Amino acid sequence: MVVKAAISCRAGSAAFSDDEGNVFNDKGVTKRMISLLVHGRFGLLEKLTADLLVVTLETEQVSYAEIRVDKPHALRFPDSVSITSSASSR
């Protein structure tokens, strides 16, 4: 399985303060996504993709996210099957 995430985030005060505490923490989001992949059980790519999207949008700085999950060799002839979901935060 291959997970691709395109994330847009607000720079906010980090752009003016030069304070690392104000920037988007991609490591934290990545750890939560990995935890979901390791501990979750999913029968459908649609559910997995939607749950990964929710995890990504939980971070305050994220304004938009697009998650794509590829499942290589899921079918006999195509190279891969994939699902893409996207959403904007509140």
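Residues numbered from 1 in each chain as written. Predicted model: local features only at pLDDT ≥ 70, side-chain atom pairs only at ≥ 80, totals over all residues. Heavy atoms only, no water.

Now for the side chain of Thr49. On the secondary structure map, Thr49 appears in helix H3 (residues 45-57). Polar side-chain contacts of Thr49 include one of 2.7 Å to the backbone oxygen of Leu45. Once you skip the residues sitting within four places of it in the chain, Thr49 turns out to touch Ile67, Val69, Ile83, Thr84 and Ser85. (Helix = DSSP H or I, 4+ residues; strand = E, 2+ residues; numbered from the N terminus. Polar contact = N/O pair within 3.5 Å; in protein donor to acceptor, adjacent residues only side chain to side chain. Contact = heavy atoms within 4.5 Å.)

Neighbouring strands of a sheet are bound in pairs by backbone hydrogen bonds; such pairs are parallel or else antiparallel. With antiparallel pairing, 3 strands are arranged side by side in an open sheet as S1-S2-S3. The sheet terminates laterally at strand S1 (2-9) and strand S3 (80-88), the two strands that pair on one side only. Shown here is a sheet whose adjacent strand axes are inclined to one another by a mean of 10 degrees, direction ignored. With 9 bridges connecting them, strand S2 (residues 62-72) and S3 associate as antiparallel partners. Along S3, the bridge assignment pairs Lys71 with Val81. Lying on the sheet, H3 is in contact with S1, S2 and S3; it crosses S2 at an angle near 150 degrees. (Pairing = 2+ DSSP bridges. Axes fitted to C-alpha atoms, helices over the stretch in contact; angles between N-to-C directions.)

Read these as spatial facts, not as claims about activity.
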